[in-house]
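The primary structure of each chain is shown beneath.
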Amino acid sequence: MMPFLLLVLLSAVAQLFLPWWSIALVAFGVCFWRSKTGWRAFGIGFSGIAVVWFVYAFLIHLQTDGILTGRMAELFFKTKTPVFLLLITPLLGGLTGGLAGLAGHQTRAVFTTKPE
Amino acid sequence: MKVLKALLSLLISIGVTVALNQPWGAIPALGRLLSPFEGFWQNAETAGYSSEQKISVKGAKEDVTILFDDLHVPHIFANNDYDAYFAQGYATARDRLWQMEFQTHAAAGRISELIGDRAVELDRYNRRLGMAYGAEKSLEGMSNDPVSKSVLEAYTAGINAYIDQLKPADYPIEYKLLGYAPEPWTPIKVAFLLKQMTQTLAAGADDVMMTNVRQQLGPSLTANLFPDYPFKEDPIIPVGTRWDFEPVKLPNPPPNTETDSSVALNWQSHDPGIGSNNWAVGPEKTATGYPILANDPHLTLSLPSIWYQVQLVTPTMNVYGVSLPGAPGVIIGFNKDVAWGVTNVGADVLDFYKIRFRDNRRQEYWHDEKWKPVRRRVETIRVKGKPAVVDTILYTHHGPVVYLPEDKPFRNNIPTGYAARWIAHEVDNGIKTFYLLNRAKTYDDYVTALSYYVAPAQNFVFANAAKDIAISPNGRFPLKWRDQGKFLLDGTKAANDWQGWIPAAQNPRVKNPPRGFVSSANQSSTDPTYPYYINWEFETTDRGMRINQRLTAMQNVTVDSLRHLQNDVYNHQASKFLPVLLPYIQGKDLSDPQKQALKTVRQWNYQQDTASVAGTIFVDWISRLEDGIWADDFPDNANRPLRYPNADRTLQLVTEEPTSRWFDNVQTPNRQETIQEIVTSSFRSAVDSLVKQHGPLGKTWAWADHKGTSVRHLIPGLDAFSALNVQIGGGRGIVNAAGRRAGPSWRMIVQTGPDVRAYGVFPGGQSGNPGSPYYLNMLETWRKGNLYELLYLKSVTEKSPRIQSTLQLTR
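Residues numbered from 1 in each chain as written. Chains lettered and ligands numbered in written order. Predicted model: local features only at pLDDT ≥ 70, side-chain atom pairs only at ≥ 80, totals over all residues. Heavy atoms only, no water.

A.B. asks: Looking at this structure, I do not really get the overall build of chain B. What am I missing?
C.D. replies: For chain B, the helix and strand inventory stands at 22 helices and 29 strands. For chain B, whose C-alpha radius of gyration is 28 Å, the value lies close to the compact-globule estimate of 28 Å for 811 residues. The principal-axis extent of the C-alpha atoms belonging to chain B is close to 90 × 70 × 65 Å. In chain B, which comprises 811 residues, the proportion classed as buried is 63%. Restricting to contacts in chain B with at least 6 residues of sequence separation, those with at least 24 account for 72%. (Helix = DSSP H or I, 4+ residues; strand = E, 2+ residues; numbered from the N terminus. Rg over C-alpha atoms; globule rule 2.2 N^0.38 Å. Buried < 20%, exposed > 50% of the residue type's maximum accessible area, 1.4 Å probe, protein only. Contact = heavy atoms within 4.5 Å.)

And the structure:
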């Protein structure tokens, strides 16, 4: 739970100041610091970023009555429903975070002598 | 093994992240675009917020207060003029940055920088037309005037103060979709924007087609079919108005004005959907006893909205109206004393001269019995992802040689080996006109303001609280011999040059005419008694006649009765054609559906409303009728473009010359077709085609659905940001000119008087952001033909429940 919460917090703060791809750096760093297995690392990276992106996107969607979400959904998916957009956003962020988390874990493994 | 795994996972992670950080063809950088922290989500705006914001900006002289009302119109209160234009630049950029930059990029021939080599030919076309050359001349004109220069600098500084504060997350959404960033604003961009307007309104030309027509028909038939004054006309300056000036001597035409057109191509014609209405009703005809002024400019309906409403208040002015995003001041509007509006004149201010070069080096050209040097201007078109394209353009004293014989022109349309003489290449100071109008108090102020105006020539309508009304087709008009530039011109003869200008004071103008109103709808500026030549052909008079008939009949005119007139959908053209055409229809030749359609048309009241079926039939029929009469005589040929006589001449033909040879189809040598046959067969094919399109006659034939008015985003194909199939009546040639793509881009009515009241609407919204509640909020009001009261504040402290938020710009 600890790495997940840390990732949520750090990535959210980082993105206020840094470009979107800072999520990869943060996920990498957190999973480098602490993750049990590659799968767990991917899971933490994915869910940590996906949650942040989903919550923020969903809040924006609600606050703005979905005016833009509707238009963008039409642009991307030819439908007015924002569901796909609210799914693909965390999916994409999650994928970036997950892969970086996995890379963090694997990189750490190079430096640990203890066999897993 | 561990190292390998680590490397592999790193590689995948970096690979995916990098891939999501860059665009793939037309697909934008998805990671960046979808990030809620910097992607499109950041462009979503909240509805109905009220706020007080203080922003510290560099460049203002003193603090400025901007109040935003419930339509998101900025009301700018500044202590000096510089700050007002500074704040106008700031507020406009805040709502319209992408649009103002994109439009000026387009005018400057810089679209290739954004979308790559697809746009190179478009960019080359704009540059060859001399847009950059013209913009530099305009900038020169504005910079030579200390007032205009200061306005331009203030506006520029305001835009840049806004741009400087932006983080990538704040960029308008179009930047994020197309993957680029805003650049600093410069004064020449204002000039480019004004050039673009000139291109829209005063770059159409039929010279090549007319030259081909004359070669085919000879001069006298050409003059007969393409007359210099319409069969039916009600000119802008009422017939009988006296010209109270001593005209200057007209230049003499050369003995022989014949030219060939060695060119296979032709130029863009005037777009008949682009035009406008305006009028002012004098005090004796209004309910309040003070003049009322109305204006609705028709342009290609686009989003972000063409116009941006603004109120500018300083110690020297308090003006409200619409501005063009990218140009300082108010273009159409009012202040407490006066109101004004514009429609396009359609003067012939673009002519083509055939250039004879000395040799293939093209260093010199023959003119006025001398070899004269050709100037070269190098244009560098930067291309996204490709090396820049360098284009050398040849300039003669006429203007740029738009295309040379060996060039493959863009747009299938352009005379090769011809130099373009175009009003947009003149030094001008057009923003001064609006600067003065914004502060005008009297009729004389209006006349003075107009004298600075060059292009695109406009019919400036005027009304004031001192109970004057006036109208003037106004711009800088070349002094021409009659019909000069109706056809291509021989560029070697000095007599073909433009020889000075019609003196500004002698531009057509009328003040307080006896009929009690003035109006314009792009028809002929004057009757043939005006001593100068402006053009041989103007927009058809249908809108003008309808407006004048209604205004003549109206008494106790109010804002609301004029609002009804702006939304009038009476098809005047149909009312002229149908009584003539219907008796010629041979009923025995019709099928049952055709008979049914004929019955519908016979019962029509000429209202081209949303549900009208007869209107749909008429519009389709009339264009087939024109094809039926003229297509055999003026066949479509890409190598030798021709044009038909206009609808007015066609009306004259069917009305007065029913046995004319033009009804015979010359492609059927053994038969002699008659007017009955053409009228009947065109009607039948119109009905058959509509049945094919919409099924049996009924609701599916409704005019609004058939027409499909749309208001489209400037990026082609961006339907998600557009309004499609807007249910509105009217169309081309109708007072409510809402056509398929063009229509009333702003409707305004101003009741002058001791306490001015004004109303307006445009089909879109104040914000250019598709994520804003103010992007399309006015569309429905526009569609229904209603208007908003425009909030005209007297002072910054005036309390109005309509004020929603405050923005303070502090130093």
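Once you've had a look at it, read on.
A.B. asks: Could you clarify how one ought to interpret the pattern of salt bridges in this entry?
C.D. replies: For side chains of opposite charge, pairing can occur when their charged atoms come near one another. Residues and elements named next belong to chain B. Under the defined criterion, the tally for this structure stands at 38 salt bridges over all chains. The salt bridge involving Arg124 is made with Asp391; its shortest N-O contact spans 3.5 Å. Residue Arg124 is located in helix H5 (residues 120-128), and its partner Asp391 is located in strand E15 (residues 386-395); the two are separated by 267 residues in the primary sequence. Like Asp391, Arg124 is buried. One salt bridge connects Arg671 with Glu673, and the closest N-O pair in it is separated by 3.6 Å. A single salt-bridge network, built from bridges that share partners, covers Arg110, Glu113, Glu183, Lys189 and Arg382. (Salt bridge = Lys/Arg side-chain N within 4 Å of Asp/Glu carboxyl O.)

A.B. asks: Help me understand the sheet that holds strand E3 (residues 74-77) of chain B in this model?
C.D. replies: Residue and element names in this part refer to chain B. Pairing is mixed across the open sheet formed by 11 strands, whose spatial order is E1-E29-E2-E3-E7-E8-E9-E10-E18-E19-E21. Each edge of the open sheet is held by one strand with a lone partner, namely strand E1 (51-56) and strand E21 (510-511). Bridge count between strand E9 (residues 332-334) and strand E10 (residues 338-344): 2 bridges; the pairing is antiparallel. Bridge pairing links Phe334 to Ala339 in E10. Seen against the sheet, helix H12 (residues 430-438) touches strand E8 (317-323), E10 and strand E18 (458-464) and runs at an angle of roughly 150° to E10. (Pairing = 2+ DSSP bridges. Axes fitted to C-alpha atoms, helices over the stretch in contact; angles between N-to-C directions.)

A.B. asks: I'm lost on the nonpolar core in this one. Help?
C.D. replies: Note on soluble globular proteins: their nonpolar side chains tend to be buried together. Residues and elements named next belong to chain B. Formed by 210 residues in total, the largest nonpolar core has its most connected members in Trp307 and Leu809. Considering each element in turn, this core owes the most residues, 14 residues, to helix H3 (residues 81-107). Aside from chain neighbours lying at most four places away, what touches Trp307 is Arg96, Pro297, Leu299, Val322, Ser323, Leu324, Pro325, Ile331, Ile332, Ser745, Trp746 and Phe762. Formed by 47 residues, the second largest nonpolar core is a distinct cluster that contains Val601, Tyr606, Phe634 and Ile678. (Core = buried A, V, L, I, M, F, W, Y, C linked by side-chain atoms within 4.5 Å.)

A.B. asks: Explain the UniProt feature "transmembrane region" (unreviewed entry) in chain A here, please?
C.D. replies: Residues and elements named next belong to chain A. Following the UniProt record, the feature "transmembrane region" (unreviewed entry) maps to residues 39-62 and 83-103 here. Secondary structure content for residues 39-62 is 100% helix and 0% strand, and the end C-alpha separation is 33 Å. This span, residues 83-103, is 100% helix and 0% strand, and a straight line between its end C-alpha atoms measures 30 Å. (UniProt positions renumbered as here; feature names shortened; annotations may be inferred.)

A.B. asks: Looking at this structure, I do not really get the domain arrangement of chain B. What am I missing?
C.D. replies: One frequent convention defines the size of an interface as the accessible area lost when the parts assemble. Split into domains, chain B comes out as domain 1 (1-34) and domain 2 (572-706). Between domain 1 of chain B and domain 2 of chain B, the C-alpha centre-to-centre distance is 61 Å. (Domains from an automatic or database assignment.)

A.B. asks: What am I meant to see in unusual backbone geometry here?
C.D. replies: For residues other than glycine, phi is negative in most cases, and the peptide bonds are mostly trans. Residue and element names in this part refer to chain B. The peptide bond linking Leu303 to Pro304 adopts the cis configuration, its omega dihedral lying at -10°. Within the secondary structure, Pro304 sits in the loop between strand E6 (302-303) and strand E7 (308-314). For Lys467, which is not glycine, the phi dihedral falls at a positive 75°. Note that Lys467 resides in the loop between E18 and strand E19 (469-474). For Lys467, a relative accessible area of 37% corresponds to the partly exposed category. Of note in this structure, Tyr606 is not a glycine but carries a positive phi near 70°. Turning to its location among the elements, Tyr606 is positioned in the loop between helix H17 (592-602) and helix H18 (613-630). Residue Tyr606 is classed as buried on the basis of its relative accessible area, which comes to 18%.

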